[in-house]
Amino acid sequence: MQPRLILEIGTFRGASTLLLAMNAPEDALVYTLDLPPDDRRTQHPLQIGGVEALASSVGQRYRGTPSASRIRQLYGDSAVFDFSPYAARAGLIYVDGNHEYANVRTDSQTALRCLAPGGVILWDDYHPVYGPGVMQALHELPAEVVRIQGTRLAACRGAGPHAG
């Protein structure tokens, strides 16, 4: 894969964001969305494995790194955020936001709309303990979702040619 536009839903500290940017082509941009630090209100109740109680700075892991110049931090609630600028453009999407079923369902539908032909969506915490809402929502998707053995990841690939 050589995605030029990567979309992440759920930045938290930015460790995954940094890994995405470090392993992407030099001309790729990573757009990552998280709740604003000063406004944690959401349309759906938060259920993200207890991390909502941890004090952290959104994106702290990638800030000040050489890859930071290719990362665009976005703020908002993914359930109501306007993703239209990314529609059918993202070659890789990483979904690791609110793990509550309704939000995972909304984020997954958003990811399918933003996925470029041949692109890939990855979901974190596909696990009965860490992400029962993730598992339930993904089992209901109209796309073929597969679990990546030995990980807590699930994936699906969009139809069409390889995304760029």
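It should be noted that the structure appears before, not after, this text.
Definitions and limits used
- Residues numbered from 1 in each chain as written.
- Predicted model: local features only at pLDDT ≥ 70, side-chain atom pairs only at ≥ 80, totals over all residues.
- Heavy atoms only, no water.
- Helix = DSSP H or I, 4+ residues; strand = E, 2+ residues; numbered from the N terminus.
- Contact = heavy atoms within 4.5 Å.
- Areas by Shrake-Rupley, 256 points an atom, 1.4 Å probe, with all protein chains shown as cover.
- Phe/Tyr/Trp six-rings, centres within 6.5 Å; stacked < 30°, edge-to-face > 60°.
- Buried < 20%, exposed > 50% of the residue type's maximum accessible area, 1.4 Å probe, protein only.
- Lys NZ or Arg CZ within 6 Å of the ring centre and 35° of its normal.
- Pairing = 2+ DSSP bridges.

1. Some remarks on the overall build of the protein chain
Right, so step 1: Summing up its helical and strand segments, the protein chain has 3 helices and 7 strands in all.
Right, so step 2: Ordered by position from N to C terminus, the α and β elements of the protein chain give β-α-β-β-β-α-β-α-β-β.
Right, so step 3: Taking the contacts inside the protein chain whose residues are at least 6 apart along the sequence as the reference set, 75% of them involve residues at least 24 apart.
Right, so step 4: A total accessible area of about 8100 Å² is found for the protein chain, and carbon and sulfur atoms account for 54% of it.

2. A look at the packing of aromatic side chains
Right, so step 1: Applying the stated criterion to the full structure yields 2 aromatic pairs.
Right, so step 2: Between tyrosine 31 and tyrosine 86, the aromatic rings sit 5.1 Å apart at their centres with planes inclined by 55°, giving tilted as the arrangement. Taken as a pair, tyrosine 31 in strand β2 (residues 29-34) and tyrosine 86 in the loop between β3 (71-75) and β4 (90-95) lie far apart in primary sequence, 55 residues in all. A single burial state applies to tyrosine 31 and to tyrosine 86, both of which are buried.
Right, so step 3: Above the plane of the ring of tyrosine 130 lies arginine 152, whose end atom (NZ or CZ) is 4.2 Å from the centre.

3. Brief notes about the sheet that holds β3
Right, so step 1: The 7 strands lie next to each other as β3-β2-β1-β4-β5-β7-β6, forming an open sheet whose pairing is mixed. This sheet does not close on itself; its edge strands, each paired only once, are β3 and β6 (146-147).
Right, so step 2: Both β2 and β3 contribute to a ladder of 5 bridges, which runs parallel. Looking at β3, one finds that valine 30 is bridged to isoleucine 71.

By themselves, these observations are geometric and do not establish any function.
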